[in-house]
Amino acid sequence: MHEVTALLREYDRARTYTDQLWQDLSPDEVTWRPDENSSAIGWHLGHQAHVAHFMVRNLTAAEPSPDPELDGIMDSAQPERFRGALPTIQRLTAFRETVAERVHARMNAIAGGRVAAPAQLSIVATHLLTALINHEYQHDQWIGEVRAGPLGHALPPDPDTEHVSRLDGYLVLCPLG
């Protein structure tokens, strides 16, 4: 159960790193697309939360989407040119925050044994959180490339944790322990 708590700290650290990559950008920079077959930084922000919601929902707790209108836009199965207009920065931020709160609530319920199968779900939770963290960092790589390249902004330092390293250029969570 302690591993779930440690992984939630790493999840928060990954989300903080994501915020460092985009929160100082203008709304135009967050919604800018290099071309019609590329996604804007804002899409990646929504997609990170979208995947977190669906993984938690499908693997641990059936619950409705916090913003059903965003589901089609943030789904990576939808080709970039058909994804439609991005929501406002405020709506994206609220979506990300709501999903993170739900991730914490569900994972804490699992870690606290407040679920029907706590031992089984603890195993699911550790793998799920590891996947969420690495998915967050996966999209951070692209956000960082656009931030530092076409947008011309400096990158923040990598997260300060012994549990994250770079593999093939991507930040990845190493096994805890």
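About the thresholds
Residues numbered from 1 in each chain as written. Predicted model: local features only at pLDDT ≥ 70, side-chain atom pairs only at ≥ 80, totals over all residues. Heavy atoms only, no water. Helix = DSSP H or I, 4+ residues; strand = E, 2+ residues; numbered from the N terminus. Core = buried A, V, L, I, M, F, W, Y, C linked by side-chain atoms within 4.5 Å. Buried < 20%, exposed > 50% of the residue type's maximum accessible area, 1.4 Å probe, protein only. Contact = heavy atoms within 4.5 Å. Pairing = 2+ DSSP bridges.

K.L.:
So, the environment of proline 27: which residues are in play, and what are the values?
P.N.:
Mapped onto the fold, proline 27 is located in helix α2 (residues 27-31). In the structure, proline 27 is positioned 25 residues away from alanine 52 in sequence and 24 Å away in space, judged by C-alpha atoms.

K.L.:
Any details on the nonpolar core? Residues and values, ideally.
P.N.:
Ranked by size, the top nonpolar core spans 43 residues in total, and within it Tyr11, Ile41, Val103, Met107, Leu129 and Leu132 carry the most contacts. Of all the elements in the fold, those that place two or more residues in this core are α1 (2-22), α3 (41-59), α4 (68-74), α5 (89-111), α6 (118-148) and β2 (170-173). With ten residues, α5 is the largest single contributor of residues to this core. Not counting the four nearest positions on each side in its chain, valine 103 is found in contact with Leu8, Tyr11, Ala52, Val56, Leu129 and Leu132.

K.L.:
Could you give me a rundown of the pairing of β2, with the residues and numbers involved?
P.N.:
The pairing of strand β1 (residues 164-167) with β2 spans four bridges and is classified as antiparallel. In the strand pairing of β2, arginine 166 is matched with leucine 171. Hairpin remark: β1 followed by β2, antiparallel, with two residues in the connecting loop; positive phi at aspartate 168, about 55°.

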